[in-house]
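Okay, here's what each chain looks like letter by letter:
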Amino acid sequence: MASRDMTGRAQAAATTPILSEQARDMIRRDIIGAALLPGDKLQLESISERYGIGVNPVREALNQLVSEGWVDRRSQRGFFVKGMSLADLESLVKTRIWLETKALSESMLHATEAWEEALVLSYHRLARTQRLIEREGEETLNTDWEDRHTAFHMSLLSECGSPWLLEFCATMMDQSVRYRNLSVNFNRARRGDAIAEHEQILNAVLDRDPAAATGLLERHYAETLEGLKAFLAADKAGEAFGI
């Protein structure tokens, strides 16, 4: 009998990290997708019920998200979705431009035919996907578009030769997506899917013109920033961001 109890406890202990990882991925997905808004309180019991995962794995997941910068832990008050601000957005975009233009330049230096073919395929998948889809009579974000948009941008950088640089770029991209998704959820007037800008960047890469490619990438992010700044200036947006 004692042996069975020990086996059960061992199995439960082995399962907890898997469940906490699942909880972490789902909570992070909903923060990025703006289903969980800046400043939302993340109560253990309600989050556990929302995702159908026990309180202990949820607590571990939230602690991990604190270390990753998605969640704040406030003394005696619990966990909250990390806030957002115009200053943070501007710093984020500036840093993305620094690192991604470097990564793109390095990728072009190490360009191969296979890389270019993969980049063209990634672009075409993105171009054939609608950013918004209708669901139950309402427009909603298309997760396929978001996945393909991320895949295209990461493909641009994938030959840079530095896993560390790629990891930093991927993290900043996720943070940027969070801002963009929140703006789309609250305001359907937007720049669209910016597919012409993506095509221009692709063509500059295929023409082996690093100056043009990095310049277009920088302008792409700068225009996105201006659109988001205009959104943040709106009263409704200010409430959503807690600013």
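Residues numbered from 1 in each chain as written. Predicted model: local features only at pLDDT ≥ 70, side-chain atom pairs only at ≥ 80, totals over all residues. Heavy atoms only, no water.

Enquirer: Go over the overall build of the protein chain with me, naming the residues and quoting the values.
Expert: Assigned secondary structure in the protein chain consists of 10 helices and 4 strands. Burial statistics for the protein chain: of 243 residues in total, 40% are counted as buried. Taking the contacts inside the protein chain whose residues are at least 6 apart along the sequence as the reference set, 70% of them involve residues at least 24 apart. For the protein chain, the computed accessible surface area is about 13300 Å², with 50% contributed by carbon and sulfur atoms. (Helix = DSSP H or I, 4+ residues; strand = E, 2+ residues; numbered from the N terminus. Buried < 20%, exposed > 50% of the residue type's maximum accessible area, 1.4 Å probe, protein only. Contact = heavy atoms within 4.5 Å. Areas by Shrake-Rupley, 256 points an atom, 1.4 Å probe, with all protein chains shown as cover.)

Enquirer: Can you tell me about the confidence of the model for the protein chain, naming the residues and giving the values?
Expert: Here the protein chain averages 85 in pLDDT, while 85% of its residues score no lower than 70. Mean pLDDT in the protein chain bottoms out at helix α10 (residues 235-241), which sits at 53, and peaks at helix α5 (residues 113-127), which reaches 96. Low pLDDT, under 50, characterises residues 6-14; the predicted model gives this stretch 0 contacts beyond four residues in sequence or across chains. (pLDDT = per-residue confidence, 0-100.)

Enquirer: Go over the side chain of Glu-146 with me, naming the residues and quoting the values.
Expert: Tracing the sequence through the fold places Glu-146 in helix α6 (residues 143-157). According to the relative accessible area criterion, Glu-146 is buried, its value standing at 12%. The residues touching Glu-146, leaving out its near neighbours within four places in the chain, are Val-177, Arg-180 and Asn-181.

Enquirer: A description of the pattern of salt bridges should follow, citing residues and the corresponding values.
Expert: Tallied over the full model, the rule gives 11 salt bridges. Glu-100 is paired through a salt bridge with Arg-96; the nearest N and O atoms lie 3.0 Å apart. Taken together, the residues span about one helical turn, with Glu-100 and Arg-96 both in helix α4 (residues 86-109) at a distance of 4 residues. For the residue pair Glu-100 and Arg-96, the accessibility class agrees, reading buried in each case. Close ionic contact of Glu-223 with Arg-219 constitutes a salt bridge, the shortest N to O distance being 4.0 Å. (Salt bridge = Lys/Arg side-chain N within 4 Å of Asp/Glu carboxyl O.)

Enquirer: Before we move on, could you go through the packing of aromatic side chains and cite the residues and values that matter?
Expert: All told, the structure shown has 2 aromatic pairs when counted by the stated rule. For Arg-74, the ring lying beneath its charged end belongs to Phe-80, and the centroid distance is 4.0 Å. (Phe/Tyr/Trp six-rings, centres within 6.5 Å; stacked < 30°, edge-to-face > 60°. Lys NZ or Arg CZ within 6 Å of the ring centre and 35° of its normal.)

Enquirer: Explain the pairing of strand β3 (residues 132-135) to me, and be specific about the residues and the numbers.
Expert: Note: β3 against strand β4 (residues 138-141), 4 bridges, orientation antiparallel. Its bridge partner being in β4, Ile-133 is matched across the sheet by Thr-140. Once β3 ends, the chain turns through 2 residues before running back antiparallel as β4, passing Glu-136 with a positive phi of about 55°. (Pairing = 2+ DSSP bridges.)

Enquirer: Which residues make up the packing of α5 against helix α8 (residues 195-206), and what values go with them?
Expert: Running from amino to carboxyl end, α5 crosses α8 at an angle of 170°, the nearest separation of the two axes being 11 Å. The angle between α5 and α8 places the two elements in the roughly antiparallel class. Between α5, through Trp-115, Glu-116, Leu-119, Val-120, Tyr-123, Leu-126 and Ala-127, and α8, the contact on the second element is made entirely by Ile-195, His-198, Glu-199, Leu-202, Val-205 and Leu-206. For the contact of α5 with α8, the class distribution of residues is 10 nonpolar, 1 polar and 2 charged. (Axes fitted to C-alpha atoms, helices over the stretch in contact; angles between N-to-C directions. Parallel < 35°, antiparallel > 145°, perpendicular 65-115°, else oblique. Nonpolar A, V, L, I, M, F, W, Y, C, P; charged D, E, K, R; others polar.)

Enquirer: Any chance you could break down the pairing of strand β2 (residues 78-81) for me, citing the residues and the numbers?
Expert: Consecutive side chains of a regular strand alternate in pointing toward one face of the sheet and then the other. Strand direction decides the pairing type here: strand β1 (residues 71-74) and β2, joined by 4 bridges, are antiparallel. Looking at the pairing, Asp-72 lines up with Phe-80 of β2. The hairpin formed by β1 and β2 contains 3 residues between the paired strands, and Gln-76 there has a positive phi angle of roughly 65°.

Enquirer: Let's hear about the packing of helix α2 (residues 44-51) against helix α3 (residues 55-68): which residues, and what values?
Expert: In helix packing, the relevant descriptors are the interaxial angle and the interaxial distance, both defined with respect to the helix axes. α3 packs onto α2 with a crossing angle of 105° between their chain directions and a minimal axis gap of 9 Å. Considering the angle they form, α2 stands roughly perpendicular to α3. Contact residues: Leu-44, Ile-47 and Ser-48 in α2; Val-55, Val-58, Arg-59 and Leu-62 in α3. Residue classes in the contact of α2 with α3 are distributed as 5 nonpolar, 1 polar and 1 charged.

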